[in-house]
Amino acid sequence: MPGFLDAQRERVYYAPNISFRDVPLRALLAEGLPGASIVIDNDANAAGWAEFRFGVGRGVSDMVLLTIGTGVGGAIVADGRLLRGGFGVAGEIGHASLVPDGLACGCGQHGCIEQYGSGRALLRFAGEIADAGGVGLQLAAARRADGALDATNVGRLIAEGDPGALAALGQLGGWLGRACASLGAVLDPRVFAFGGGVAAAGELLLEPIREAFHAHVPARGFHPEPDFRIAELVNDAGVVGAADLARARFAVG
Ligand SMILES: [Zn+2]
């Protein structure tokens, strides 16, 4: 379940991108699935846990996962444990503030990381570059041909090395790297992992992230170097993590 879940993982306080507001999700599921054992959890936490246990975070104790999809999901593993926080809502990295008085966000605030580091933000940057002409030529042509810029045509142009699409990806990576520098100051992970649809860009995404991290990290030049990696379990991460968290909850095998 995306969104802010309570510490008991019974209720959804708020889901920014769908209209769940204080919903007793576990009880509703139990009503529809009599006799079933039900565990609910945040989708990004489930994905982060899977990457930590079975994927890109194997062998490290401290990891931050950012899932770059429609929004920006986050999961924090600190000292080998999924960080839940005092109210259950830790790891909502997408809604940490990045730009003072920036773009409005579905959470009710402005300037959240999600508005600058998500797949939707990538399409916005691509649209601005298309409008500006110059390197945006191919983006503008794709927009004309397909009616809009979307994950498919922008993804294709990135894969083809189109300079306009790469510039949009560079802007996205720049914001994400800047966000990671702040996250690093607080959480000090050994690994920053990136999942979600945009992570398919691989090294092309990681490069501008590393660059911006280095430009903004405190103790610049002396700060130890975390690894920036693409997540391994991709679309399976949420399912695998949810299963393992449920197994732990019910202490089966
Ligand atoms: Zn927000």
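This text follows the structure it describes.
Residues numbered from 1 in each chain as written. Predicted model: local features only at pLDDT ≥ 70, side-chain atom pairs only at ≥ 80, totals over all residues. Heavy atoms only, no water.

1. Side note on helix α7 (residues 163-187)
Its 25 residues place the ends of α7 34 Å apart at the C-alpha level, agreeing with the 36 Å of an ideal helix rising 1.5 Å per residue. Looking one or two places after α7, you find D188, whose phi comes out positive at around 50°. (Helix = DSSP H or I, 4+ residues; strand = E, 2+ residues; numbered from the N terminus. Expected span 1.5 Å × (residues − 1).)

2. Section: the nonpolar core
Formed by 42 residues in total, the largest nonpolar core has its most connected members in L139, L172 and F194. If you list the elements that add at least two residues to this core, you get β4 (63-68), β5 (72-78), α4 (119-132), α5 (137-146), α6 (151-159), α7, β7 (191-195) and α8 (203-216). Of all the elements, α7 adds the most residues to this core, at nine residues. If near-sequence neighbours (up to four positions away) are discounted, L172 is found in contact with I68, Y116, G117, S118, A121, L122, F125, V198 and L205. If you look at the next biggest cluster of nonpolar residues, it comprises 17 residues, including A50, M63, L65 and V191. (Core = buried A, V, L, I, M, F, W, Y, C linked by side-chain atoms within 4.5 Å. Buried < 20%, exposed > 50% of the residue type's maximum accessible area, 1.4 Å probe, protein only. Contact = heavy atoms within 4.5 Å.)

3. A few points about the coordination of the zinc ion
Within the protein, the atoms that donate to the zinc ion are H95 (ND1), C105 (SG), C107 (SG) and C112 (SG), at distances of 2.0 to 2.4 Å. Here the zinc ion binds four donor atoms, and the angle range of 101 to 125° at the metal identifies the geometry as tetrahedral. Sequence positions of the donors to the zinc ion reduce to the motif H-x9-C-x1-C-x4-C. The class of C105 is buried, set by a relative accessible area of 9%. (Donors = N, O, S within 2.8 Å, 3.2 Å for Na, K, Ca; no water. Tetrahedral: all angles 85-135°; square planar, octahedral: opposite > 155°, others 65-115°.)

4. Observations concerning the pairing of β4
Each regular strand displays side chains that alternate between the two surfaces of the sheet. For β4, the buried fraction is high: six of the six residues fall into the buried class. Where burial is concerned, the two faces of β4 agree: the one with M63, L65 and T67 and the one with V64, L66 and I68 are both buried. In terms of strand pairing, β4 meets β5 through six bridges, oriented antiparallel. From the neighbouring strand, T67 faces β5, where its bridge partner is G73. Where β4 folds back onto β5 in an antiparallel hairpin, the turn is made up of three residues. Relative to β7, β4 runs parallel, the two sharing five bridges. Bridging from a neighbouring strand, L65 pairs with A193 of β7. (Pairing = 2+ DSSP bridges.)

5. A look at the packing of α4 against α5
Between α4 and α5, whose axes approach to 7 Å, the crossing angle comes to 105°. One element, α4, and the other, α5, form an angle in the roughly perpendicular class. Here A126, G127, I129, A130 and D131 of α4 lie close against α5, whose contacting residues are L139, A140 and R143. Grouping the amino acids of the contact of α4 with α5 by side-chain chemistry returns five nonpolar, one polar and two charged. (Axes fitted to C-alpha atoms, helices over the stretch in contact; angles between N-to-C directions. Parallel < 35°, antiparallel > 145°, perpendicular 65-115°, else oblique. Nonpolar A, V, L, I, M, F, W, Y, C, P; charged D, E, K, R; others polar.)

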